Amino acid sequence: MEKNSHQTRQIVLICSVIIVAFLASAFMFVVSSSKNTRAFIEQATDMTAANVITQIESDMSASVYTARAMATNPFIINWAGQEAANADNTDYIKELYTYLKAYYEGNNYNFVFYASEVTGNCYYQDGMKLTLSKQNEDDRWIYDFMDSDLQYQFIVNPFKPKNDSNNSSMLIIYRLNNSSGGTLGVIGVSLSLRMMENSILELGSNYDVGIAFTDTDGNVVISEDYSLPVNSNVFSESGLFYGKDVKLIPVDGAVTRIWLGSGFLDADSKFCEIRYLDDFNRYLIIYGSGSGAMKMHNNQLFLQLGMLAVLLILMIAVIINTISQYRSKIISLATLDELTKIMNRKSFMSRFDYFSKQQLLENSHLFLIDIDFFKTINDTLGHAAGDEALSYLSSVLTAQIENNGFVARWGGDEFIGVLFSAIDSPVDKLNDISSIVSNSDTGKRLHITLSIGVATLDAGDTLNTSVEKADIALYTSKKNGRNRTTLYDASQTGAEPEYSKELKDLNR
């Protein structure tokens, strides 16, 4: 009855955990729906921004590599070093045009050029040559670069017409040094930002976000979204940031994040992330709309599945706990004596076999203990007193032997044990135990005395042989007046009727 009641409680506990978990899951889904949807949009927007910047850096890095390869080529270094001496040599100048044109045609740049610090000449791949001057304000940027410590630099194309705001391009310029480290000039390429546009806008489509580039005044220069058309201004009426407290921060790496809209899943609700790209002198605007809500709900489904997995773990934990409890109970019943709570005969035999195989019993001793006149205790004081005597003796044996051996109830009022070789005098040790028991209050009240037989565990002796020797020594103790310990020797003989029933059972 008690067992069934325990099982019922376990089942109720499991069901309660399941119900609570499902209720908590449903509650979390409803409450967190709005928050998680926005979090999804913010995450997608942030990921897209990171990927766009990575794409830009990749394209720009390739151009830097090209400019560096050109600037470190021995041909151009030698040519630039002798330019002044060959200023009027047409064939010599043509060699440079051929060199620049090869890079122009192989990389689809807008143009490729070399500007000389010595002569002030600027050569283009198509054979055009201009003369630069430090006094010319439009040329000042290139001399500023040559006067700096920079090895290369990105510059929004200063050569384009000032009203050409839509066809943005960028120069990648690289310093050209002679063998002694002096500056010979600058070599560079013009990279069209339109070359990057398709791959960047494709990222926006993949992440369900819009992407646009604006200049420092908020004018849109790159976009494919009807709500943010090219040539519009994000601050003008009907513009993305019209009437909003949004400020563009012209600091490289600066990020502004803001939600635009009236509420959860509003058709006009947008999460915007604005980043300033110093190399382009442009703002990157990425905006995600509420159309990603369905994806968010799908994510919530996975969240629910995750919670179910957690629930299953909890259920398994409860089941394991239940099984463990029963398993511990079974092990206890199988290995321990129910009354004395020490090892039973089967456990003792298993442990003895293990220690014997590990050769850990050399010079150890096996002993048998019998409570003198135990039947008289049961008959005169009752079986409860007999049980108390057995329990008390087992507790004393456990406390006195501790880690110096092991002990078990062999059967009835008979105990068996092993004293390891660490015990110098097993007979004295067992006599001390016998004295403790008989002189204790419990021992005096129940009239407990012990007869003990001890046998040395010789190499090659089986458990049966050792028990038989100890039993003969035990019989000798009884024959000599009981309440004593006897160490077995070959001169001792036993009488069959006096052998313990357990020994006879063991030998069958």
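Peer 1: Would you take a moment to explain the pairing of strand S10 (residues 270-277) for this structure?
Peer 2: Both faces of the sheet carry side chains from a regular strand, because those side chains alternate between them. Across the eight residues that make up S10, a large majority, eight, are buried. Residues Lys270, Cys272, Ile274 and Tyr276 of S10 are buried on one face, and the alternating residues Phe271, Glu273, Arg275 and Leu277, pointing to the opposite face, are buried as well. Bridging between strand S9 (residues 255-260) and S10 involves six bridges; their strand directions are antiparallel. Bridging from a neighbouring strand, Trp259 pairs with Phe271 of S10.

Peer 1: Sorry, what's going on with the packing of aromatic side chains here?
Peer 2: In this description, an aromatic ring pair is defined by two values, namely the gap between the centres and the angle between the planes. Within the structure shown, the criterion is met by 21 aromatic pairs. Ring plane angle 10 degrees and centroid distance 5.2 Å describe the contact between Trp79 and Tyr92, whose orientation is recorded as stacked. A residue pair is termed long-range when its members are at least 10 positions apart, and Trp79 in helix H2 (residues 74-81) and Tyr92 in helix H3 (residues 90-107) qualify at 13 residues. Each of the two residues, Trp79 as well as Tyr92, counts as buried. Through pairs of rings, three or more aromatic residues link up here, namely Phe348, Phe352, Tyr354, Phe355, Phe406, Trp410 and Phe420. Between the NZ or CZ atom of Arg175 and the centre of the ring of Phe145, over which it lies, the distance is 5.1 Å.

Peer 1: What am I meant to see in helix H8 (residues 374-381) here?
Peer 2: An α-helix turns once every 3.6 residues. As a result, residues three or four positions apart point the same way. Within the sequence span of H8, burial applies to Phe374, Ile377 and Asn378. Down the axis, H8 shows its buried residues gathered within 95 degrees of arc, on one side only. Opposite the buried face of H8, by more than 90 degrees, sit the exposed residues Lys375, Asp379 and Thr380. As for H8, its buried residues are in contact with strand S12 (365-371), helix H9 (383-401) and helix H11 (441-446). One or two residues past the end of H8 sits Gly382, with phi positive at roughly 105 degrees.

Cut-off values and rules
Residues numbered from 1 in each chain as written. Predicted model: local features only at pLDDT ≥ 70, side-chain atom pairs only at ≥ 80, totals over all residues. Heavy atoms only, no water. Buried < 20%, exposed > 50% of the residue type's maximum accessible area, 1.4 Å probe, protein only. Helix = DSSP H or I, 4+ residues; strand = E, 2+ residues; numbered from the N terminus. Pairing = 2+ DSSP bridges. Phe/Tyr/Trp six-rings, centres within 6.5 Å; stacked < 30°, edge-to-face > 60°. Lys NZ or Arg CZ within 6 Å of the ring centre and 35° of its normal. Arc of directions from axis to C-beta. Contact = heavy atoms within 4.5 Å.

Such coordinate-based values are descriptive only and should not be taken to indicate function.
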